[in-house]
Amino acid sequence: MSKGHAWVLGATGQIGRAAVRSLVKDGWEVTAASRGGGRDGSWDAGVRTAALDRDEDGALAAAIGGGCDVLVDMAAYGEQHARQLTALAGRVGSAVVVSSGAVYADEHGRSFDTQGEPDGAPRYPVPVPESQATVEPGGATYATRKVRLERDLLAAGDSLPVTLLRAGAVHGPHCRSPRELYFVKRVLDGRARRVLAYGGSSRFHPVHCANVAELIRLAALRPGSRVLNAADPQAPTVAEIGAAVDAVLGHSSQTVLIPGSPTPQGVGDTPWSIPHPVVYDMSAAERELGYRPVTGYAESLPETVEWIAGQLAGRDWTEAYPEMVRAYGIQLFDYAAEDAWLAHHDQER
């Protein structure tokens with residue numbers, strides 16, 4: 001017996017693909033919507049697809065038509081998307097919307113938005129509960145737009161119950177900006193050594209797309225207005241992540257540690273490199289939804305590494321992962337600067 005009709009926006013993205021599979025397996029009839037209206041090869045034949053540009057006036061409301069039991073939104077942010085969703089109240093039974101852990105601010109107002117400023121690195125409690133302060137809502141940054149979205153949706157109250165999932169560092173196949181690329185490419189390029197800032201102890205809590213999908217599945221079954229963290233059962237250090245990638249690829253790298261921050265040339269910097277740990281508290285999801293993770297970081301890594309390596313085959317990394325270039329710049333793989341620093345380091349020893 002069907003649990004109802006679920007609409008998934010952003011269905012061909014990293015989390016969306018996993019969410020569609022999870023909902024179908026749990027007995028939902030699913031419409032998978034994306035800009036191109038594409039279809040993942042792993043989906044059940046019964047999944048309906050729809051081409052939808054949500055930013056066209058009235059397009060989302062028209063596509064939803066008479067409504068659905070649950071609307072799952074992977075990519076909403078900002079005031080405009082909040083208005084889109086709240087306008088569907090009465091036609092949509094409940095919603096599950098993916099937000100971000102980037103919304104959190106520490107007691108001094110520092111957040112990921114202030115990371116590059118002098119003394120701007122946030123120092124959060126470990127672990128971070130959902131009650132932690134957030135940045136102020138606005139339209140200037142990703143984080144402020146996510147908070148604007150959250151507050152506007154929660155203000156809808158009982159007319160549209162919304163579960164907001166504050167996701168950690170998302171990983172798994174189909175990621176457009178996989179942090180694991182930092183280690184995978186170095187192994188494939190035959191690099192014998194890697195340099196890690198902050199003593200290799202940086203912890204930026206990851207979440208596998210399948211674990212987010214499980215949270216979506218559970219929230220769809222238990223509608224309510226709430227904010228929940230979304231993270232893996234483990235928060236490995238950057239050094240542990242590097243070692244885990246080595247193990248998958250059958251490689252052994254020497255890790256050279258910088259006690260403090262990366263060099264001005266970016267040596268030692270990685271997509272996880274932060275001076276203070278970011279670890280999310282998952283007890284609320286366990287308590288409110290009965291959440292149990294379906295996978296862990298190390299056990300899910302082989303599939304992720306295989307996907308990254310496959311995307312790199314025969315292509316320059318900047319072509320395979322343009323989002324990584326935009327996020328971290330080409331200095332992510334500045335081997336000349338790295339070798340110069342290592343040569344100086346070796347002389348100083």
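The rules we used
- Residues numbered from 1 in each chain as written.
- Predicted model: local features only at pLDDT ≥ 70, side-chain atom pairs only at ≥ 80, totals over all residues.
- Heavy atoms only, no water.
- Helix = DSSP H or I, 4+ residues; strand = E, 2+ residues; numbered from the N terminus.
- Rg over C-alpha atoms; globule rule 2.2 N^0.38 Å.
- Buried < 20%, exposed > 50% of the residue type's maximum accessible area, 1.4 Å probe, protein only.
- Contact = heavy atoms within 4.5 Å.
- Areas by Shrake-Rupley, 256 points an atom, 1.4 Å probe, with all protein chains shown as cover.
- Lys, Arg positive; Asp, Glu negative; His and termini not counted.
- Charge placed at Lys NZ, Arg CZ, Asp CG, Glu CD.
- Salt bridge = Lys/Arg side-chain N within 4 Å of Asp/Glu carboxyl O.
- Axes fitted to C-alpha atoms, helices over the stretch in contact; angles between N-to-C directions.
- Parallel < 35°, antiparallel > 145°, perpendicular 65-115°, else oblique.
- Left-handed = near helix turned anticlockwise from the far one by under 90°.
- Pairing = 2+ DSSP bridges.
- 1 Å grid on protein atoms, 1.4 Å probe; cavity = no way out; pocket = protein on both sides within 12 Å on 5 of 7 lines; lining within 4 Å.
- Points joined across faces, edges and corners; volume = space filled by probe spheres on them.
- Nonpolar A, V, L, I, M, F, W, Y, C, P; charged D, E, K, R; others polar.
- Phe/Tyr/Trp six-rings, centres within 6.5 Å; stacked < 30°, edge-to-face > 60°.
- Lys NZ or Arg CZ within 6 Å of the ring centre and 35° of its normal.

S.K.: Help me understand the overall build of the chain, please; the structure alone is not making it clear to me.
M.R.: Of regular secondary structure, the chain possesses 12 helices and 11 strands. For 349 residues, the compact-globule formula gives about 20 Å, and the C-alpha radius of gyration of the chain, at 21 Å, lands near that figure. Viewed in the frame of its principal axes, the chain has a C-alpha envelope of about 70 × 45 × 35 Å. Residue burial in the chain is summarised as follows: out of 349 residues, 54% are buried. The contacts of the chain with a sequence gap of at least 6 include a subset with a gap of at least 24, amounting to 75%. Working note: accessible area of the chain is about 14800 Å², and carbon and sulfur atoms make up 48% of it. Considering the chain, the positive charge centre built from 33 side chains and the negative charge centre built from 42 side chains are found 3 Å apart.

S.K.: Please explain the pattern of salt bridges as it appears in this structure.
M.R.: Once the charged atoms of two side chains with opposite charge are near each other, the side chains can pair. For the structure shown, the criterion picks out 22 salt bridges. With its nearest N and O atoms 3.5 Å apart, the salt bridge here joins Arg35 to Asp55. One end of the pair, Arg35, is in the loop between strand S2 (29-34) and strand S3 (48-51); the other, Asp55, is in the loop between S3 and helix H2 (59-64), and 20 residues separate them in sequence. With a closest N to O distance of 3.1 Å, Asp152 and Arg148 form a salt bridge.

S.K.: Explain the packing of helix H5 (residues 181-188) against helix H9 (residues 297-312) to me, please; I cannot follow it from the model alone.
M.R.: To characterise two packed helices, one gives the angle between the axes of the helices and the distance between these axes. Two numbers describe how H5 lies on H9: the axes approach to 10 Å, and their chain directions differ by 60°. In terms of their interaxial angle, H5 and H9 are classed as oblique. Both H5 and H9 take part in a crossing whose hand is right-handed. Of the residues in H9, those in contact with Leu181, Val184, Lys185 and Leu188 of H5 are Val305, Ile308, Ala309 and Leu312.

S.K.: For this particular structure, what's the right way to read the sheet that holds S3?
M.R.: Note: strands within a sheet are paired through backbone hydrogen bonds, in either parallel or antiparallel orientation. Taken in spatial order, the 7 strands of this open sheet run S3-S2-S1-S4-S5-S6-S10, and their pairing is parallel. Edge positions in the open sheet fall to S3 and strand S10 (226-230), since each of these has one partner strand only. Along the sheet, successive strands turn relative to each other by an average axial angle of 20°, direction set aside.

S.K.: I tried to follow unusual backbone geometry on my own but got confused; where do I start?
M.R.: Most peptide bonds take the trans form, and the phi angle of most residues other than glycine is negative. Note the cis peptide between Val126 and Pro127, where omega equals 0°. With respect to the element layout, Pro127 can be found in the loop between strand S5 (92-100) and helix H4 (142-154). For Asp119, which is not a glycine, the phi torsion comes out positive at approximately 55°. Within the secondary structure, Asp119 sits in the loop between S5 and H4. For Asp119, a relative accessible area of 65% translates into the label exposed.

S.K.: Would you take a moment to explain the layout of surface pockets for this structure?
M.R.: Summary: where empty space remains is shown by rolling a probe the size of a single water molecule over the atoms. Approximately 320 Å³ is the volume found for the second largest pocket. Taken together, 15 residues line the second largest pocket, and the ones lying closest to its centre are Ala18, Arg21, Ser22, Ala210 and Ala213. If you list the elements that add at least two residues to the lining of the second largest pocket, you get helix H1 (14-25) and helix H6 (209-221). Its residues assigned to classes, the lining of the second largest pocket shows 6 nonpolar, 4 polar and 5 charged.

S.K.: Teacher, can you tell me more about the environment of Leu181 here?
M.R.: Relative to the helices and strands, Leu181 resides in helix H5. Leu181 gets classed as buried once you look at its relative accessible area, which sits at 0%. Taking the C-alpha atoms as reference points, Leu181 and Met324, 143 residues apart in sequence, are found 8.9 Å from one another.

S.K.: Teacher, can you tell me more about the packing of helix H7 (residues 238-249) against H9 here?
M.R.: Between H7 and H9, the shortest axis-to-axis distance is 10 Å and the interhelical angle comes to 55°. With respect to each other, H7 and H9 are oriented oblique. In this structure, H7 meets H9 at a crossing whose hand is right-handed. Across from Ile241, Ala244, Val245, Val248 and Leu249 in H7, the residues of H9 making contact are Tyr297, Leu301, Pro302 and Val305. Residue composition of the contact of H7 with H9, grouped by class: 9 nonpolar, no polar and no charged.

S.K.: Help me understand the packing of aromatic side chains in this model?
M.R.: Aromatic ring pairs: the centre-centre distance and the angle between the two ring planes describe each pair. Overall, the coordinates contain 9 aromatic pairs when judged by the stated rule. Consider the rings of Tyr104 and Tyr280, whose centres lie 6.1 Å apart with planes at 35°: the pair is tilted. Of this pair, Tyr104 sits in the loop between S5 and H4 while Tyr280 sits in the loop between strand S11 (254-257) and helix H8 (283-289); the two residues are 176 residues apart in sequence, bridging distant segments of the chain. For the pair Tyr104 and Tyr280, a shared accessibility class is recorded, and that class is buried. Ring geometry for Phe333 versus Tyr335: centroids 6.3 Å apart, planes at 80°, classification edge-to-face. Using a relative accessible area of 8% as the deciding quantity, one classes Phe333 as buried. Overall, the relative accessible area of 18% leaves Tyr335 in the buried class. Taken together, the ring pairs connect Tyr182, Phe183, Trp272, Trp317, Phe333 and Tyr335 into an aromatic cluster. Directly above the ring of Tyr182 sits Arg186, whose terminal nitrogen or CZ lies 3.9 Å from the centroid.

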